[in-house]
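Chain by chain, the residues run as shown.
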Amino acid sequence: VCSSDLKGGRGLVTMMAAVLVLGIPLAASAGSNGSNGDSTQQTYVSPGMLIQADKHPNKTIHVIVTSNGGKLPKSQILDLTLGSVDRKLGLIDGISLDLRANRLAQLAKIPGLTITPDAPAHLTGQTYTSKQLWVANTGIDKLWNAPVAPNSTNTQSDLMAPTIAVVDSGVDASKVADFGGRVVQQVNLTTLPNNSPGDGRGHGTFVAGIASGQAPGYAGASPRSNIVSLDVMDDTGTARTSDVIAAAQWILAN
């Protein structure tokens, strides 16, 4: 759970984002296609990408490109790769790019870039159930109705529960017993085609219930919180890395 303070017309608002642990492969070591001098001029390509590109030269691949320093040369990138920008990723000053695999080597010749796969991210931990033992064990229920914040008259008043953004497969807002109309916004950010409205997978609804459910016997950590659903995963439980970045970018902007 991460939080950020966001300024709005009605003052200071706290947004908590419940984000799944995603199985995104990370490179263990960096390679270089540039000189041995300034590291900002060296282009890093995730290990194995160029080899796979050589094996399947006509395949369309999806990559994320960022600059190691300075402005990202988008025009040069598009001219050399003949690719198309799938999404601008302002949060990391990068782009997600679709291109033919046989153009990856040309992209790697541009100095000062970091090139990583727009890798599939899969859900983990889908088998947990709860009989509310975790609530008492963590003590979170003590905060549900506790007066925890003094107001301007120096008396006690309830702390307004924060809105929770769930970055997952969507949230089924029709679960009235669980959410009671508290799903205040649903944003579809997935670029994959196999994605149903609401929650075609069920996992996001499960996560939202743990975070903010209010059904008897199945209450979540903060059952008075509103919920924002940021749908980044299709019905198979797969997301592109750029979709997850876009969700973080949405949270920061909103």
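The structure we're discussing is the one just above.
Notes on the structure in this doc start here. (Residues numbered from 1 in each chain as written. Predicted model: local features only at pLDDT ≥ 70, side-chain atom pairs only at ≥ 80, totals over all residues. Heavy atoms only, no water.)

## So, helix H6 (residues 203-212)
H6 sits mainly inside the fold: eight of its ten residues count as buried. Buried within H6 are the following residues: His203, Gly204, Thr205, Val207, Ala208, Gly209, Ala211 and Ser212. Among the structural elements, strand S11 (163-168), helix H5 (176-179) and strand S13 (227-231) are those in contact with the buried residues of H6. (Buried < 20%, exposed > 50% of the residue type's maximum accessible area, 1.4 Å probe, protein only. Helix = DSSP H or I, 4+ residues; strand = E, 2+ residues; numbered from the N terminus. Contact = heavy atoms within 4.5 Å.)

## Let's talk about the pairing of S11
Along S11, six of the six residues are buried, which leaves the element largely enclosed by surrounding structure. Along S11, one buried face is formed by Thr163, Ala165 and Val167 and the opposite face, lined by Ile164, Val166 and Asp168, is buried too. When S11 meets S13, the two strands line up parallel, connected through five bridges. Its bridge partner being in S13, Ile164 is matched across the sheet by Ile227. (Pairing = 2+ DSSP bridges.)

## Describing the pairing of strand S12 (residues 183-188)
One face of the sheet, then the other: side chains in a regular strand alternate in exactly this way. Looking at chain direction, S12 and S13 are connected through five bridges and run parallel. What sits directly across from Asn188, in S13, is Asp231. The parallel pair S12 and S13, bridged by H6, forms a crossover whose chirality is left-handed. (Right-handed = clockwise from strand over helix to strand, strands pointing away.)

That is the geometry; function is a separate question.
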